[in-house]
Amino acid sequence: MRANQILSSSKVDQIIQRMAYQVYENNMEERIALIGVDSGGRKLAENIELTLSEISGKKSTCYTLLLDKGNPFNEEISLDAGISELEGTSIILCDDVLNTGRTLAFSLSRILPMKVRKVETAVLVLRTHGKFPIYANYKGYELSTTINEHVEVIPGEGVFLNE
């Protein structure tokens, strides 16, 4: 157990369930594709997808978007879905922590050229250091932190705050 735990695993599960209900309510008639940014976003997307199918019977698809978070210009942003798979879908772009909005802003550059129905964002933890015009449509937990603190999401354990 880490000393600076801010969310337990069971609380994270409750948050994800609430987020899945919100996604369902806002997209009842839509074909949904969840896109997770790197491993943390992918895990959130998978958990929302699983809960979404349990509560609604609605089948959605989960994909992964990879980019160099430290230097997004360094490498090409890759997405394991083709244009035809995403065309006409409602995209839920997922990341574990939204800090400045930079990662999601660069992620959108890969999605926006596609003819999708709409793009929404889902984050487990929303920090209050926005520098890019990114809004979280679905947020699990909002947390005010200093810029020097680090939020870490550990699947199966919870969310932790480190200095």
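If you're wondering where the values come from, they're calculated on a predicted model, not measured in any experiment. (Residues numbered from 1 in each chain as written. Predicted model: local features only at pLDDT ≥ 70, side-chain atom pairs only at ≥ 80, totals over all residues. Heavy atoms only, no water.)

J.: Just checking my understanding: could you explain the overall build of the chain for this structure?
T.: Counting its secondary structure elements, the chain contains four helices and nine strands. Counting from the amino terminus, helix and strand elements in the chain follow one another as β-α-β-α-β-β-α-β-α-β-β-β-β. Each principal axis of the C-alpha distribution contributes one length, and for the chain these read about 45 × 40 × 25 Å. Within the chain, buried positions represent 47% of all 163 residues. (Helix = DSSP H or I, 4+ residues; strand = E, 2+ residues; numbered from the N terminus. Buried < 20%, exposed > 50% of the residue type's maximum accessible area, 1.4 Å probe, protein only.)

J.: What is the right way to look at helix H2 (residues 38-56) in this model?
T.: The periodicity of an α-helix, 3.6 residues per turn, causes residues three or four places apart in sequence to face the same way. Counted at 1.5 Å a residue, the expected span for H2 with its 19 residues is 27 Å, and the 26 Å between its end C-alpha atoms agrees. Every buried residue of H2 is accounted for by Asp38, Gly41, Leu44, Ala45, Ile48, Glu49, Thr51 and Leu52. In the core, the buried residues of H2 are packed alongside helix H1 (9-26), strand E2 (32-37), strand E3 (61-66), strand E5 (90-98) and strand E6 (118-127). Remark: Gly57 follows H2 within two positions and exhibits a positive phi of approximately 75°. (Expected span 1.5 Å × (residues − 1). Contact = heavy atoms within 4.5 Å.)

J.: Is there a simple way to explain the pattern of salt bridges in this structure?
T.: Within the structure shown, the criterion is met by six salt bridges. The salt bridge partner of Arg117 is Glu30, with a shortest N-O separation of 2.4 Å. Of this pair, Arg117 sits in the loop between helix H4 (102-111) and E6 while Glu30 is found in the loop between H1 and E2, placing the two residues 87 residues apart along the sequence. When its relative accessible area of 58% is taken as the criterion, Arg117 is described as exposed. You can call Glu30 buried: its relative accessible area is 18%. Glu120 serves as the salt-bridge partner of Lys118, at 3.8 Å between the closest nitrogen and oxygen. Residue classification places Lys118 among the partly exposed positions, given a relative accessible area of 28%. (Salt bridge = Lys/Arg side-chain N within 4 Å of Asp/Glu carboxyl O.)

J.: How should the nonpolar core be read in this particular structure?
T.: Among soluble globular proteins, nonpolar side chains are generally buried collectively. Residues Leu34, Ile48, Ile92, Cys94 and Leu124 are the most contacted members of the largest nonpolar core, which totals 25 residues. Here Leu34 is in contact with Ala45, Ile48, Glu49, Ser60, Thr61, Cys62, Tyr63, Ile92 and Cys94, once residues within four sequence places are set aside. One finds Ala33, Val37, Leu98 and Leu126 within the second-largest nonpolar core, a separate group that totals 23 residues. (Core = buried A, V, L, I, M, F, W, Y, C linked by side-chain atoms within 4.5 Å.)

J.: How should the sheet that holds E3 be read in this particular structure?
T.: Ordered by their spatial adjacency, six strands build an open sheet running E4-E3-E2-E5-E6-E7, and the pairing between neighbours is mixed. Each edge of the open sheet is held by one strand with a lone partner, namely strand E4 (78-79) and strand E7 (138-143). On top of the sheet, H1 reaches E2, E5, E6 and E7; it is set at about 140° to E7, its chief contact. Sheet strands touched by H2: E2, E3, E5 and E6. Its angle to E2, the strand with the most contacts, is close to 150°. (Pairing = 2+ DSSP bridges. Axes fitted to C-alpha atoms, helices over the stretch in contact; angles between N-to-C directions.)

J.: Where do I start with the packing of H1 against H2 in this structure?
T.: Any two packed helices are characterised by how steeply their axes cross, that is the angle between the axes, and by the distance between the axes. Put simply, H1 and H2 touch, their axes get as near as 8 Å, and they point 65° apart. Taken together, the axes of H1 and H2 lie roughly perpendicular to each other. By crossing handedness, the relation of H1 to H2 is classed as right-handed. Contact residues: H1 offers Ile16, Gln17, Met19, Ala20, Tyr21, Val23 and Tyr24, while H2 offers Leu44, Asn47, Ile48, Thr51, Leu52, Ile55 and Ser56. In terms of residue class, the contact of H1 with H2 is made up of 10 nonpolar, four polar and no charged. (Parallel < 35°, antiparallel > 145°, perpendicular 65-115°, else oblique. Left-handed = near helix turned anticlockwise from the far one by under 90°. Nonpolar A, V, L, I, M, F, W, Y, C, P; charged D, E, K, R; others polar.)

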